[in-house]
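# Tertiary structure, described
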Amino acid sequence: MKAGRVLIYLILIGLTVFYLLPVYVLFLTGLKSFAEADLTRMWNWPTQPSLAAFAKAWEKLSPNFMNSVYLVIPATLISSLIGSVNGYILSKWRFRGSEILFPAILFGMFIPYQSVLIPLVRFLQSIGLYGSIPGLILVHVVYGIPITSLIFRNYYASIPGELVEAAKIDGASLFGIYRWVMLPLSQPGFAVVAIWQFTQIWNDFLFAVTVTNKPAQQPITVALQNLAGSQIVEWNVQMAGALLAALPTLLVYVFLGRFFLRGLLAGALKG
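Residues numbered from 1 in each chain as written. Predicted model: local features only at pLDDT ≥ 70, side-chain atom pairs only at ≥ 80, totals over all residues. Heavy atoms only, no water.

### Structural notes on the overall build of the chain
If you tally the helices and strands in the chain, you get 11 helices and 0 strands. In sequence order, the secondary structure elements of the chain are arranged as α-α-α-α-α-α-α-α-α-α-α. With the C-alpha coordinates of the chain rotated into their principal frame, the extents come out at 75 × 65 × 30 Å. When each of the 271 residues of the chain is scored for burial, the buried share is 40%. (Helix = DSSP H or I, 4+ residues; strand = E, 2+ residues; numbered from the N terminus. Buried < 20%, exposed > 50% of the residue type's maximum accessible area, 1.4 Å probe, protein only.)

Here it is in structure tokens:
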């Protein structure tokens, strides 16, 4: 190997190790006892490694872990499907006001979440969804529409328009073209959107703590914050819980990261 390539590999390995240091500290602290979990011995390996902290953290977080699963799966699927339809319409069909509608949808990405919390809570209360997982699903579906529409619009713009014209000649309807032409070609776009939405929804804290006011309905991010005691913080349990809460998104990027990159590149030529 050439010296330049060896240097590149060494730099990449160094950056990888640096990036994974927080994960290493989380795991190491989770293996320690309460007495060993302090700043002075943060980098030291535990004298008697144990999974007791992970077991205790999982016992407290498991109900909320399932709440996050019940939240993230439907919210991701629904927002992805809506964004796919929007992207198809906005990229392949021109109608009066279409050039205004798309920027209006994107405008939703730039509205600070904090500015809508009060009207959001009042709206959810008026329709009977405040304090529930379905209400939180609705919030994430609505807030996911701008970014999913943008990703799918850019992706569909790279698909030749001749396919749509040929389907029109064959008599396919508006949604017939979407069902039989666009949808089968949408796997890379769905991969990008699903990974993005899964990560954003799973890691959300602001909407979760605002919309779900009952501990039994709260996702794992809120439960993790409540894991710290008011007088004493069991740092080994806290770090073990943080690692358990981050594990799903970590696994998604480890196993599906290549599909995320392919999907991004697939829609990068036109927009």
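### Overview of the environment of histidine 140
Note on placement: histidine 140 falls in helix α5 (residues 133–157). A distance of 3.4 Å separates the side chain of histidine 140 from the side chain of aspartate 204, its partner in a polar contact. (Polar contact = N/O pair within 3.5 Å; in protein donor to acceptor, adjacent residues only side chain to side chain.)

### Regarding the packing of helix α6 (residues 161–169) against helix α7 (residues 174–182)
At a minimum axis separation of 10 Å, α6 and α7 run at an interaxial angle of 125°. Between α6 and α7, the interaxial angle falls into the category oblique. As for how α6 packs across α7, the hand of that crossing is right-handed. Along its contact with α6, which presents Leu163, Val164, Ala167 and Lys168, the element α7 presents Ile177, Val181 and Met182. Residues that form the contact of α6 with α7 fall into these classes: 6 nonpolar, no polar and 1 charged. (Axes fitted to C-alpha atoms, helices over the stretch in contact; angles between N-to-C directions. Parallel < 35°, antiparallel > 145°, perpendicular 65-115°, else oblique. Left-handed = near helix turned anticlockwise from the far one by under 90°. Contact = heavy atoms within 4.5 Å. Nonpolar A, V, L, I, M, F, W, Y, C, P; charged D, E, K, R; others polar.)

### Regarding the confidence of the model for the chain
Within the chain, residue pLDDT values average 88, and 94% of them lie at 70 or more. The spread of mean pLDDT over the elements of the chain runs between helix α11 (residues 235–266), the lowest at 82, and helix α4 (residues 117–126), the highest at 94. (pLDDT = per-residue confidence, 0-100.)

### A short note on the pattern of salt bridges
Evaluated as defined, the whole model comprises 4 salt bridges. Notably, a salt bridge pairs lysine 56 with glutamate 234, separated by 2.8 Å at the nearest N-O pair. Here the residue lysine 56 occupies a position in helix α2 (residues 52–92), and glutamate 234 occupies one in the loop between α10 (220–226) and α11, the gap between them amounting to 178 residues. Between glutamate 99 and arginine 94 there is a salt bridge, with the nearest N and O atoms lying 3.6 Å from each other. Considered together, glutamate 99 and arginine 94 belong to a single accessibility category, that of exposed residues. (Salt bridge = Lys/Arg side-chain N within 4 Å of Asp/Glu carboxyl O.)

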